[in-house]
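Each chain, written out:
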Amino acid sequence: GAVVSQHPSRVICKSGTSVKIECRSLDFQATTMFWYRQFPKQSLMLMATSNEGSKATYEQGVEKDKFLINHASLTLSTLTVTSAHPEDSSFYICSASLMRETQYFGPGTRLLVL
Amino acid sequence: EDKVVQSPLSLVVHEGDTVTLNCSYEVTNFRSLLWYKQEKKAPTFLFMLTSSGIEKKSGRLSSILDKKELFSILNITATQTGDSAVYLCAVIGETSGSRLTFGEGTQLTVNP
């Protein structure tokens, strides 16, 4: 079946540093990848839609200069949280789309900013 | 703007009970409704529903969609402690590509 990996699974960083999270589709090519953020006891909130070779589409309220997304190939998308602050601490999940309705989720990255 | 509302938000039952989780939605040009189960990590896919009245079944889980009333239910029979999780409902509209809009989820706790 379709497998999506994320790295790292957990990261702790100091306030002001940047953190890069990788999302890979391991056994299929994904033209579209999605980045979500999930706060404790809340649902997944879509941050941005990432298409290979083009600029990401950000949801309203998500700062594109703070959350940099690069989708360099059909199997890799990266999310960089720049100048992270404690309020950016969250669970970040990516998903990759194989067919229109089908999204496969990565295992998530738990970010803690001190 | 697409919207998904799930109820109840939280549910505690005993092993062996049957539960029904609800999902109502508003979406422009509905295409599909999906159910996911989320334990400690990312969601895992359960069902995708596109047509009204056709029940999808997988073991003790089943789901059905009513496109006229704009809702879906997820049933779990003979619940087990391993069913404890957050169950998420999401919709896709024709104009949203593959973009999912999620509900808040139902936190199900099954006690032994």
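Sequence order sets the numbering: in each chain, residues are counted from 1 along the sequence as written. Each chain takes a letter, starting from A, and each ligand takes a number, starting from 1, following the order in which they are written. Selection of residues for local features in this predicted model requires a pLDDT of at least 70, selection of side-chain atom pairs for listing and counting requires 80 or more, and totals for whole chains, interfaces and linings are taken over all residues. The side-chain figures draw on all heavy atoms in the structure; neither hydrogens nor water molecules are used.

Novice: Explain the overall build of chain B here, please?
Specialist: The helix and strand inventory of chain B stands at 0 helices and 11 strands. Each helix corresponds to a stretch of at least 4 residues labelled H or I by DSSP, and each strand to a stretch of at least 2 residues labelled E; elements are numbered beginning at the N terminus. Each helix and strand of chain B, placed in order from N terminus to C terminus, yields the pattern β-β-β-β-β-β-β-β-β-β-β. This radius of gyration counts C-alpha atoms alone. The globule rule is 2.2 Å times how many residues there are, raised to the power 0.38. For 112 residues, the compact-globule formula gives about 13 Å, and the C-alpha radius of gyration of chain B, at 13 Å, lands near that figure. A principal-axis box enclosing the C-alpha atoms of chain B has dimensions of 45 × 30 × 20 Å. Buried positions account for 46% of the 112 residues belonging to chain B. Should any heavy atoms of two residues lie within 4.5 Å, those residues are counted as being in contact. In chain B, the share of contacts with a sequence separation of at least 24, taken over all contacts with a separation of at least 6, comes to 55%. All accessible areas in this document rest on Shrake-Rupley with a 1.4 Å probe, and a residue is counted as covered only by the protein chains that are shown. Counting every atom, chain B has about 5400 Å² of accessible surface; 50% of that belongs to carbon and sulfur. When charges are counted, neither His nor the chain ends are considered; positive counts come from Lys and Arg and negative counts from Asp and Glu. Where a charge lies is defined by one atom per residue type: Lys uses NZ, Arg uses CZ, Asp uses CG and Glu uses CD. One finds the centroid of the 11 positive side-chain charges in chain B at a distance of 6 Å from the centroid of its 12 negative side-chain charges. Note on classification: 1.4 Å probe, protein chains only; a residue is buried when its accessible area is under 20% of the maximum for its type, exposed when over 50%, partly exposed between these limits.

Novice: How do you make sense of the pairing of strand S2 (residues 10–13) of chain A when you look at a structure like this?
Specialist: Looking along a regular strand, one sees side chains alternate from face to face of the sheet. All names here are of chain A. Here S2 shows a clear split, with Val11 and Cys13 buried on one side and none of Arg10 and Ile12 buried on the other. The rule for pairing is simple: two strands pair if DSSP sees at least two bridges between them. Two elements, S2 and strand S11 (residues 109–113), share 4 bridges in a ladder whose sense is parallel. Across the sheet, residue cysteine 13 finds its bridge partner in S11, namely valine 113.

Novice: It is not clear to me how the sheet that holds strand S7 (residues 67–73) of chain A should be interpreted in this structure. Could you clarify?
Specialist: Residue and element names in this part refer to chain A. Strand order in the open sheet formed by 4 strands is S1-S3-S8-S7, and the pairing between neighbours is antiparallel. Here the strands that pair on one side only, and so sit at the sheet edges, are strand S1 (4–7) and S7. Averaged over all neighbouring strand pairs, the angle between strand axes comes to 15 degrees, with direction disregarded. The pairing of strand S3 (residues 19–25) with strand S8 (residues 76–81) spans 6 bridges and is antiparallel. Directly across from isoleucine 21, in S8, lies its bridge partner leucine 79. Note on geometry: axes are lines fitted to C-alpha atoms, helical ones only across the stretch in contact, with angles between N-to-C directions running from 0 to 180 degrees.

Novice: Explain the interface of chain A and chain B to me, please; I cannot follow it from the model alone.
Specialist: Where the parts come together, the accessible area they lose is often given as the size of the interface. Each partner contributes residues to the interface: chain A has 19 residues there, and chain B has 20 residues. Computed with a 1.4 Å rolling probe, the buried area is the accessible surface lost when two parts are put together, summed over both parts. Both faces combined, the contact of chain A with chain B buries some 1500 Å², and carbon together with sulfur accounts for 52% of it. For this analysis, a salt bridge means a side-chain nitrogen from Lys or Arg found within 4 Å of a carboxyl oxygen belonging to Asp or Glu. Where chain A meets chain B, there are 1 salt bridge. The shortest N-O distance in the salt bridge between Arg99(B) and Glu59(A) comes to 2.4 Å. In the analysis that follows, any N or O atom pair within 3.5 Å is treated as a polar contact, provided that within protein one partner can donate a hydrogen and the other can accept it, and provided that, for residues neighboring in sequence, both atoms belong to side chains. Our count for the contact surface shared by chain A and chain B stands at 3 residue pairs in polar contact (both at pLDDT 80 or more). Counting only elements with at least two residues in the side of chain A that touches chain B, the list comes to strand S4 (32–38), strand S9 (90–97) and strand S10 (103–105) of chain A. Class assignment of the residues belonging to the side of chain A that touches chain B gives a composition of 9 nonpolar, 6 polar and 4 charged. Asp, Glu, Lys and Arg are counted as charged, while Ala, Val, Leu, Ile, Met, Phe, Trp, Tyr, Cys and Pro are counted as nonpolar; the rest, among them Gly, fall into the polar class.

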